[in-house]
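Below, each chain spelled out in residue letters.
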Amino acid sequence: MNPIFLFTWLGLAVAPAQPRAEPASDPLRLLLPVVHDDFLFNGEITMRMDSWSDEPATVQIETVKGKGAKVTWIHPSTMQGVAYFDDGRQIRQYFPDKNLLRLRKSFQSFWPDAESLLNLTAKNYSVKDAGRTTRIGREANIVVATAKHQELGIRRFLIDSRLPVVLEDRHTAGGDTIFRLQAIQLREMPAGDVDLSLGAPANAAIAEGWGPKDITDMKFAAGVLKFTPRIPEKIPFGFAVFAKQLVGREEQPFLVVRITDGLATAHIYEWRYGYGANKSMAEIPATLVDSRSDIAYSIVGDLPPKASEIVLQSFVSALD
């Protein structure tokens, strides 16, 4: 599973706790742990996750309210033992096989606020309270969100009735169903018993990431990128832009446009293809290439395949 997708999916942060409404009052408010997965409790969770395009992953999440959370990969084997800690400001990720500690800005430092995401969700989905059930021995509220655009499908959430935690996220679209998230085990414990250390030795190499750098002047960005970025005035399915940034390396930056419809999130990347010299950027392979302008495009997110294709094509065609 692409680490970028995992960072943004889990949405770890240490924001103030959001008020939780009673189930009968407004089912939309029950989605607060979905749009802002803050893990505002002390304990650990084991989660199994799947996506429409990547290999399934299993991770162990250890969290302390007010401090942050550590995520350790259990599966796949290629990522086993890799861990990161997110305090809402910075992500520190340790790769034991390379003895490398990477530092980067936390996604939560530029993520939309919960109310904005709930407003977008209300615009793009029909949300209903579907009753109660149990998951891993815990009481859960069932919330069903049906997208107003069929390409985005139906999301069925099981949300812990006492803690702000999503226990299951089942996504059905295009006749297929995946369990984007399934809690296998959840254990509350005293904050002092939670281990948030990454286990990186003192001699670990440190690599501090460049960016993301927010774009405030598109003409300046075009000069840096050596091409005019393509961003459609209206993105399909009700998606809205919440960040435009330069990422990568200072000597070779590329563009990312981050979008959401309230529940689903995608990151669209654009870079100079170099007539085949730059087939990928930061391990993100080109999905589409516009040979006329020599621009490569890619999309990372939790959209079903057909929706991803349509959204990405809207960027490619933005200047046509």
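Below is a summary of the structure that appears in this document. Just so you know, these numbers come straight off a predicted model, no measurement behind them.

1. Some points on the pattern of salt bridges
This model, assessed by the stated rule, comprises 17 salt bridges. For the salt bridge of Glu115 with Arg29, the shortest nitrogen-to-oxygen distance reads 3.0 Å. Remark: Arg29 occurs in the loop between α1 (3–10) and α2 (32–35) and Glu115 occurs in helix α3 (residues 114–124); sequence separation between them is 86 residues. Residue classification places Glu115 among the partly exposed positions, given a relative accessible area of 33%. In this structure, Lys70 and Glu62 form a salt bridge, with 3.3 Å as the shortest nitrogen-oxygen distance. Just as Lys70 is buried, Glu62 falls in that class too. Residues joined by salt bridges that share partners form a network here, namely Arg138, Asp160, Arg162 and Glu188.

2. Digging into the sheet that holds strand β9 (residues 154–160)
If you walk across this open sheet you meet the 12 strands as β7-β8-β9-β10-β11-β1-β2-β3-β4-β5-β6-β12, and the pairing is mixed. The open sheet has two edge strands, β7 (125–135) and β12 (205–208), and neither has a second partner. Across the sheet, the axes of successive neighbouring strands diverge by a mean angle of 15°, strand direction being ignored. Inspection of the sheet shows strand β6 (residues 100–105) paired to β12 by four bridges, in the parallel sense. Pairing of Leu103 across the sheet is with Glu208, part of β12. On top of the sheet, α3 reaches β7 and β8 (138–147); it is set at about 105° to β7, its chief contact.

3. Topic: α3
Among all positions of α3, only Ala114, Leu117, Leu118, Leu120, Thr121 and Asn124 are buried. Along the axis of α3, the buried positions cluster into a sector of 160°, meaning they face one direction only. Along α3, exposed side chains directed more than 90 degrees from the buried face belong to Asn119 and Lys123. Where α3 is buried, its residues meet α2, β7, β8, β14 (240–249) and β15 (252–260). By the N-cap criterion, in which a side-chain oxygen at the helix start approaches the backbone nitrogen of a residue two or three places on, α3 is capped by Asp113, the distance to Glu115 being 3.1 Å.

4. Here's the deal with the sheet that holds strand β16 (residues 265–272)
The strand order β13-β14-β15-β16-β20-β19 describes an open sheet built from six strands, whose pairing is antiparallel. In this open sheet, the two edge strands, each paired with only one partner strand, are β13 (213–214) and β19 (288–290). Sheet topology places β15 next to β16; six bridges connect them, and they run antiparallel. Across the sheet, Thr260 pairs through a bridge with Thr265, a residue of β16. Here helix α4 (residues 218–225) sits on the sheet and contacts β14, β15 and β16; the angle it forms with β15, its principal contact strand, is near 135°.

Cut-offs applied
- The residue count restarts for each chain, going from 1 along the sequence in the order it is written.
- Confidence filtering applies because this is a predicted model: local features only for residues at pLDDT of at least 70, side-chain atom pairs given and counted only at 80 or more, and all residues used for totals across whole chains, interfaces and linings.
- To get the side-chain values, take all heavy atoms of the structure and skip hydrogens and water.
- Here, a salt bridge means any Lys or Arg side-chain nitrogen found within 4 Å of an Asp or Glu carboxyl oxygen.
- For the purposes of this entry, the term helix denotes a DSSP run of H or I that reaches at least four residues, the term strand denotes a run of E that reaches at least two, and both are numbered from the N terminus.
- Exposure classes here rest on a 1.4 Å probe applied to the protein chains alone. A residue is buried below 20% of its type maximum, exposed above 50%, and partly exposed in between.
- Two strands pair if DSSP finds at least two bridges between them.
- Throughout, an axis means a line fitted to C-alpha atoms (over the contacting stretch in the case of helices), and angles, computed between N-to-C directions, take values from 0 to 180 degrees.
- Any pair of residues with heavy atoms lying within 4.5 Å of one another is described as a contacting pair.
- By construction, the arc corresponds to the directions joining the helix axis to the C-beta atoms.
- Any pair of N or O atoms that falls within 3.5 Å is considered a polar contact. Within protein, one atom must be able to donate a hydrogen and the other to accept it, and sequence-neighbouring residues count only if both atoms are side-chain atoms.

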